[in-house]
Amino acid sequence: MTEATEKPEPPHWLDPPLWWKRYKPLRWIIVGLAVIWLAHAFDLLRFLKLSDRAVPSFLKGDPHPDTALYTRMAVGVPIMDAFRSYEDMATVTKSLTSAGYDNWTAQSRRAEDSPRYPPYALDTVQVSEYTHLENKGALTLRFFNNRLLQAEFVPNDAEAYARRVRKLGLPRDANARAEKTDGNLRIASTLELAISPVGRQLRSEPFVLWQDLRLIRERDDWDQKFGAIPKAMIGGE
């Protein structure tokens, strides 16, 4: 009579799988990823001082609920020449190149993507020898989240340019600064101050700038609400 062969007990459903027992390093990787995910879920990374760049994208969670608020598009206003606010950077640089200004340069400063705050990107396009109102000077175009919000022109010959700008009818204050608001468009100038005896003594910079006040308010609102949150910045001016 032979002894009956004992059958191994089936694994319990709570027992860890064989690969979990065999590959110990893999355990720590899984545990580490789970900890990072939980940290993001409960907004604990600000206390852990862990950069968002170190976190895999699939663990970062959903975008901030205000993302659409700070990236939305609208009908732009004429900024200067053929430029309009809310135009994206690719459209603006294409227009510059088509007009013969292929020497433009660009700089970017942006926050790393994170569910803790909406997107934040400031881009700048500069043209050193731009012609406006038949006067050459430096043109600076600024973008907030890839939407044109401001153009600034600094003429080489402030007096000659000032004679042209006077036709815009900008009201001046007691300090010779000029400003005009027309709906969402704001135009400001320091030309008269810069060419005055006081301005020359103070070496005031002559410029005219055009702004879309909607985007200016939106950028300032972002800074007020999310500027204090620790974040890694990429690039810079």
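As the structure is a prediction and not an experimental result, all values here were calculated from the model. (Residues numbered from 1 in each chain as written. Predicted model: local features only at pLDDT ≥ 70, side-chain atom pairs only at ≥ 80, totals over all residues. Heavy atoms only, no water.)

Enquirer: Got a sec to walk through the sheet that holds strand S7 (residues 178-182)? Specific residues and values, please.
Expert: If you trace the 8 strands from one edge of the open sheet to the other, you get S7-S8-S9-S6-S5-S4-S3-S10, paired in antiparallel fashion. Across the chains shown, the open sheet's two edge strands, defined by having one partner strand only, are S7 and strand S10 (233-235). Across the sheet, the axes of successive neighbouring strands diverge by a mean angle of 15 degrees, strand direction being ignored. Of the pairings in the sheet, the one linking strand S8 (residues 185-189) to strand S9 (residues 208-212) comprises 5 bridges and is antiparallel in character. Looking at S9, one finds that Ser 189 is bridged to Val 208. Lying on the sheet, helix H4 (residues 89-98) is in contact with strand S3 (105-111), strand S4 (121-132), strand S5 (135-144) and strand S6 (148-155); it crosses S4 at an angle near 15 degrees. The strands that helix H8 (residues 213-226) touches are S4, S5, S6, S7, S8 and S9; relative to S9, the one it contacts most, it runs at about 75 degrees. (Pairing = 2+ DSSP bridges. Helix = DSSP H or I, 4+ residues; strand = E, 2+ residues; numbered from the N terminus. Axes fitted to C-alpha atoms, helices over the stretch in contact; angles between N-to-C directions. Contact = heavy atoms within 4.5 Å.)

Enquirer: Explain the pairing of S3 to me, using residue names and the numbers behind them.
Expert: Across 6 bridges, S3 lies against S4 in antiparallel orientation. Looking across to S4, one finds that Arg 109 is bridged to Leu 122. Sheet topology places S3 next to S10; 3 bridges connect them, and they run antiparallel. Directly across from Arg 110, in S10, lies its bridge partner Ile 234.

Enquirer: Could you give an account of the side chain of Glu 152, with specific residues and numbers?
Expert: Among the secondary structure elements, Glu 152 is positioned in strand S6. Of the side chains with opposite charge, Arg 142 comes closest to the buried, unpaired Glu 152, at an N-O distance of 4.6 Å. Once residues lying within four places of it in the same chain are set aside, the contact partners of Glu 152 are Ala 138, Leu 139, Thr 140, Glu 205, Phe 207, Val 208 and Leu 209. (Buried < 20%, exposed > 50% of the residue type's maximum accessible area, 1.4 Å probe, protein only. Lys, Arg positive; Asp, Glu negative; His and termini not counted. Salt bridge = Lys/Arg side-chain N within 4 Å of Asp/Glu carboxyl O.)

Enquirer: Would you mind going over H8 in detail, with residue names and values included?
Expert: Helix length check: H8, at 14 residues, gives a terminal C-alpha distance of 20 Å against a target of 20 Å (1.5 Å per residue), a fit within 8%. Those residues of H8 that are buried lie in contact with S5, S6, S7, S8 and S9. (Expected span 1.5 Å × (residues − 1).)

Enquirer: I'd like to hear about H4, residue by residue, with values.
Expert: Restricting attention to buried positions, one finds in H4 the residues Met 89, Val 92, Thr 93 and Leu 96. Taken down its axis, H4 places every buried residue within 95 degrees of arc, on the same side. Facing away from the buried side of H4 by over 90 degrees, the exposed positions are Ala 90, Lys 94 and Ser 98. Tucked inside the fold, the buried residues of H4 contact strand S2 (83-84), S3, S4, S5 and S6. A side-chain oxygen of the first residue of H4 lies 3.3 Å from the backbone nitrogen of Ala 90; this N-cap is Asp 88. (Arc of directions from axis to C-beta. Polar contact = N/O pair within 3.5 Å; in protein donor to acceptor, adjacent residues only side chain to side chain.)

Enquirer: Kindly report on the confidence of the model for the protein chain, identifying the contributing residues and their values.
Expert: Confidence along the protein chain averages 84 in pLDDT terms, with 73% of residues attaining 70 or more. The low-confidence segment residues 44-50, where pLDDT is below 50, has 10 contacts with residues more than four positions distant or belonging to other chains. (pLDDT = per-residue confidence, 0-100.)

Enquirer: Go over the nonpolar core with me, naming the residues and quoting the values.
Expert: Core analysis: the largest hydrophobic core is formed by 29 residues, its most contacted members being Phe 83, Leu 96, Tyr 130, Leu 139, Leu 141 and Trp 210. With 4 residues, the top contributor of residues to this core is helix H5 (residues 158-165). Aside from chain neighbours lying at most four places away, what touches Phe 83 is Val 77, Pro 78, Val 92, Ser 95, Leu 96, Tyr 130, Leu 139, Leu 141 and Leu 148. Counting 12 residues, the second-largest nonpolar core is a separate cluster that includes Tyr 120, Phe 144, Ile 216 and Trp 222. (Core = buried A, V, L, I, M, F, W, Y, C linked by side-chain atoms within 4.5 Å.)

Enquirer: A description of the packing of aromatic side chains should follow, citing residues and the corresponding values.
Expert: Scanning the entire structure with this criterion turns up 9 aromatic pairs. Taking 6.5 Å as the distance between ring centres and 35 degrees as the angle between the ring planes, the aromatic pair formed by Phe 83 and Tyr 130 counts as tilted. Remark: Tyr 130 occurs in strand S4 and Phe 83 occurs in strand S2; sequence separation between them is 47 residues. For the pair Phe 83 and Tyr 130, a shared accessibility class is recorded, and that class is buried. Judged by centre distance (4.3 Å) and plane angle (35 degrees), the rings of Tyr 120 and Trp 222 are tilted. With Tyr 120 in the loop between S3 and S4 and Trp 222 in helix H8, this residue pair connects regions lying 102 residues apart in the sequence. One aromatic cluster in this structure is built from Tyr 70, Tyr 117, Tyr 120, Phe 144, Trp 222 and Phe 226. Its end group placed over the ring of Tyr 117, Lys 231 keeps NZ or CZ at 5.4 Å from the ring centre. (Phe/Tyr/Trp six-rings, centres within 6.5 Å; stacked < 30°, edge-to-face > 60°. Lys NZ or Arg CZ within 6 Å of the ring centre and 35° of its normal.)

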